[in-house]
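Analysis of the macromolecular model
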Amino acid sequence: AEPGRSVRRVSLHFPDPWWKKRHDKRRVIGDALLTELERLMEPGGELFIQTDVEHRAEQYVAQLRDRRGFELVSKSGYVDDNPFAARSNRERRAIEDGLPIWRILAVRR
């Protein structure tokens, strides 16, 4: 049986570290991954993405706006804080270094 509609939450912490345009083809978050997440995630499931690369954050928000399967939880697409207790090493380091972090939260329709 297919495991569709069985995932409640997906967190992607600081994916796609290659911020130069020529590395776009290497991006983790793209149509293939989002299509698979739409299949796997249950309605109401949460997709949380955070990055310290503003250009990437803007791309992710635009991609999610274009998909029927997800709804951003805020008008801007961003949330102020990590809504979950788990913090990656990269997030802790970015906070210690005072780097801006763009956090995106979407819900599976």
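Refer to the structure above for everything that follows.
Anyway, here's the lowdown on the structure attached to this text. (Residues numbered from 1 in each chain as written. Predicted model: local features only at pLDDT ≥ 70, side-chain atom pairs only at ≥ 80, totals over all residues. Heavy atoms only, no water.)

1. Details of the packing of aromatic side chains
Inclusion rule: When two rings of Phe, Tyr or Trp (its six-membered ring) have centres within 6.5 Å they constitute a pair, described as stacked for plane angles under 30 degrees, edge-to-face for angles over 60, and tilted for the intermediate range. A helix here means a DSSP run of H or I that spans at least four residues, while a strand means a run of E at least two residues long, and both kinds are numbered starting from the N terminus. Partly exposed residues are those whose accessible area sits between 20% and 50% of the maximum for their type, while under 20% is buried and over 50% is exposed, using a 1.4 Å probe and protein chains only. Criterion for a charge above a ring: Arg CZ or Lys NZ at most 6 Å from the ring centre, at most 35 degrees from the ring normal.
By the definition in use, this model includes 1 aromatic pair. Ring plane angle 85 degrees and centroid distance 5.6 Å describe the contact between F48 and F84, whose orientation is recorded as edge-to-face. You can see F48 sitting in strand β2 (residues 41-51) and its partner F84 sitting in the loop between β4 (78-79) and α3 (89-96), a full 36 residues away along the chain. Residue F48 is classed as buried on the basis of its relative accessible area of 0%. The buried category is assigned to F84, whose relative accessible area is 15%. The lysine or arginine in question, R90, covers the ring of F14, its NZ or CZ lying 5.7 Å from the ring centre.

2. Some details on the environment of R26
Applied cut-off: By definition, residues are in contact when any of their heavy atoms lie within 4.5 Å.
Here R26 lies in the loop between β1 (7-13) and α1 (31-40). A sequence separation of 75 residues divides R26 from I101, and the C-alpha atoms of the two residues are 21 Å apart. Residues in contact with R26, not counting those within four places in the same chain, are D16 and W18.

In short, shape yes, function no, at least from these values alone.
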